[in-house]
Structure formats: C-alpha cells, structure tokens
Amino acid sequence: MPDPISWQLALPYLVAALLFGYLLGSIPFGLIVTRLAGLGDVRKIGSGNIGATNVLRTGNKKLAALTLLGDALKGTVAVLLAGLYGPDQAVAAGLGAFLGHLFPVWLGFRGGKGVATYLGVLIAIAWPGALIFAGVWLAVAFITRYSSLSALVAAIAVPVGLYLLDYVQAAELFVLMSVIVFIKHRTNISRLMAGTETRIGGKG
C-alpha cells in the first residue's frame, strides 16, 4: 500500500506535470498551420475538427502531415520532459497533453479528437504500443478507407497489446485514453453505423 506521506509530497509534482502537459497539448497546430497558409479557420470546413484528417479536407496534404506531426510531438515532448522528473510525472504529463488537445483552453475547450496526441504519448511511454497502433490503423484504413474506424480499432488493440507485452501501467493509462477516444468519436460511430461517414480523402 502506498505511503500516504509520500503521495502528499509527490502530488504537487504530479499536478504540475499534468498542467504542463495540458498547456502543451492545448496548442492547436491544425488551426495555426491552416491560418498561416491563408486557408482560414479549419473549424469551418468538413467535420469542424482541428485535427489532421480535417486539415486534409483543405486539399493540402503537406499541411495535414504537419498537423499530424505537431499534434503527435506535443504528446511525446510532454512525456519526455516530465519524465526527467520521474515515471509518474511522465504519465501525468502524457494524460495532460491528451486532455489539452481535446479541451484546449485557447479554443473554449473545444478541440480535436486526440488520436495523433494519443499516438505521440504512446511513442514516449511504450513505443511497442505505437507499432501496434500504426499497424492496426494502416491495415484498417487500407481495407475501409475510414480514418475514424481505423483509430477506433487501433484504440482497442493498444491496451490489449500492452497488457500482453507486460506494460501494465501503460495499459491502464491507455484503457482510460481509449475510452475517451471512443467518447470523442461518438458522432463518427453514428455515421459509420448509418453508412454516411466520410472516407479518407473525402471532402464531406
């Protein structure tokens, strides 16, 4: 059983790591790059999302790739920097970065769906899980051309794979994060069931 005094001493550092990750995760790369490119507010097209899939609907693959990279790296950087102070701080910062992307303070707490940041956190905390995510995502995307479905299937595979690989603490974190991914994709799930979900590269 954890020592209550130890937890009391560690709590401020965990909160600081969570806050640091949140602020880093709140940077809306999709919105920034599209505005800098003169394409306006990406929230006014397609799904209204600030993530790479919606940026791709502008027709600019380079901006979509840049958004994907930025959204992933903010999760990776948050974990690696906080990890200098301990593994628990790394986990807190990773969760904070994920939540920051979903609920950015700069955008009235209306952000993206978290898939790229999820992957970035995964790379830093348990890189074999990132390989599982990428492999499953690519396979499902190749077969169905649905980005949302690919992400959802990968989000199921990751915690299962992490448990099997004995990354128990990471698996517990990604169970929570995967549940949140599903909640954030509830409208996509409804469209998938109705057969109206936009495929990768589509404009809708």
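Everything below is about the structure shown above.
Residues numbered from 1 in each chain as written. Predicted model: local features only at pLDDT ≥ 70, side-chain atom pairs only at ≥ 80, totals over all residues. Heavy atoms only, no water.

Engineer: Would you mind going over the overall build of the chain with me for this structure?
Structural biologist: Summing up its helical and strand segments, the chain has 10 helices and 0 strands in all. Listing the helices and strands of the chain from first to last along the sequence gives α-α-α-α-α-α-α-α-α-α. Against the 2.2 N^0.38 benchmark of 17 Å for 204 residues, the chain shows a C-alpha radius of gyration of 17 Å, consistent with a compact globule. With the C-alpha coordinates of the chain rotated into their principal frame, the extents come out at 55 × 35 × 25 Å. (Helix = DSSP H or I, 4+ residues; strand = E, 2+ residues; numbered from the N terminus. Rg over C-alpha atoms; globule rule 2.2 N^0.38 Å.)

Engineer: What am I meant to see in the nonpolar core here?
Structural biologist: What tends to happen in soluble globular proteins is that the nonpolar side chains get buried as a cluster. One finds Phe98, Tyr118, Leu122, Val158, Leu162, Phe174 and Met177 to be the most contacted residues of the largest nonpolar core, which totals 23 residues. Sorting elements by how many residues they give to this core places helix H9 (residues 168-184) first, with 7 residues. Apart from residues no more than four positions distant in its own chain, Phe98 is found in contact with Gly114, Thr117, Tyr118, Met177, Ile180 and Val181. (Core = buried A, V, L, I, M, F, W, Y, C linked by side-chain atoms within 4.5 Å. Buried < 20%, exposed > 50% of the residue type's maximum accessible area, 1.4 Å probe, protein only. Contact = heavy atoms within 4.5 Å.)

Engineer: Help me out: how do you make sense of the packing of aromatic side chains in this one?
Structural biologist: For any pair of aromatic rings, the description rests on two quantities: the centre-to-centre distance and the angle between the ring planes. Taken as a whole and judged by the stated rule, the model has 3 aromatic pairs. Arranged with centres 5.0 Å apart and planes meeting at 75°, the rings of Tyr118 and Phe174 form a pair that is edge-to-face. Of the two residues, Tyr118 is situated in helix H6 (residues 115-125) and Phe174 in helix H9; the sequence distance between them amounts to 56 residues. Using a relative accessible area of 1% as the deciding quantity, one classes Tyr118 as buried. An aromatic cluster is present here, built from Phe98, Tyr118, Phe133 and Phe174 joined pairwise through their rings. (Phe/Tyr/Trp six-rings, centres within 6.5 Å; stacked < 30°, edge-to-face > 60°.)

Engineer: Honestly, H9 in this entry has me stumped. Any pointers?
Structural biologist: At 3.6 residues per turn, the α-helix brings residues three or four places apart onto the same side. The terminal C-alpha atoms of H9 lie 24 Å apart, and with 17 residues this matches the ideal 24 Å at 1.5 Å per residue to within 8%. Looking only at H9, the buried set comprises Ala170, Ala171, Leu173, Phe174, Met177, Ser178, Ile180, Val181 and Lys184. Packing partners of the buried residues in H9 comprise helix H5 (87-102), H6, helix H8 (147-164) and helix H10 (186-194). (Expected span 1.5 Å × (residues − 1).)

Engineer: Which parts of the structure should I look at to understand the pattern of salt bridges?
Structural biologist: Applying the stated criterion across every chain yields a total of 4 salt bridges. Taking the shortest distance from any N to any O, the salt bridge between Arg35 and Asp41 comes out at 3.5 Å. Residue classification places Arg35 among the partly exposed residues on the basis of a relative accessible area of 47%. A residue is classified by how much of its surface remains accessible, and Asp41, at 14% relative accessible area, is buried. Here the residues in one salt-bridge network are Arg35, Asp41 and Arg43, joined through shared partners. (Salt bridge = Lys/Arg side-chain N within 4 Å of Asp/Glu carboxyl O.)

Engineer: Would you mind going over the environment of Val121 with me for this structure?
Structural biologist: Here Val121 is to be found in helix H6. In this structure Val121 comes out as buried when scored by relative accessible area, which is 0%. For Val121 and Ala93, which are 28 residues apart along the polypeptide, the C-alpha to C-alpha distance reads 8.9 Å.

Engineer: Before we go on, may I ask you to explain the side chain of Ser147 in this structure?
Structural biologist: Along the chain, the position of Ser147 falls in helix H8. The buried category is assigned to Ser147, whose relative accessible area is 14%. Ignoring anything within four residues of it in the chain, the contact list for Ser147 reads Thr53, Trp137 and Ile200.

Engineer: Before we go on, may I ask you to explain helix H7 (residues 127-144) in this structure?
Structural biologist: With 18 residues, H7 extends 26 Å between its outermost C-alpha atoms, agreeing within 8% with the 26 Å of an ideal straight helix rising 1.5 Å per residue. For H7, the full list of buried residues reads Pro128, Gly129, Ala130, Phe133, Val140, Ala141 and Thr144. Looking at the buried residues of H7, the elements they touch are H6 and H8. Residue Arg145 follows H7 closely and has a positive phi angle near 65°.

Engineer: Hey, could you run me through unusual backbone geometry in this one?
Structural biologist: Excluding glycine, most residues fall at negative phi; most peptide bonds, likewise, are trans. Even without being glycine, Arg145 reaches a positive phi, approximately 65°. Mapped onto the fold, Arg145 is located in the loop between H7 and H8. When its relative accessible area of 43% is taken as the criterion, Arg145 is described as partly exposed. Positioned with a positive phi, Asp166 is a non-glycine residue whose angle comes to about 70°. You can see Asp166 is positioned in the loop between H8 and H9.

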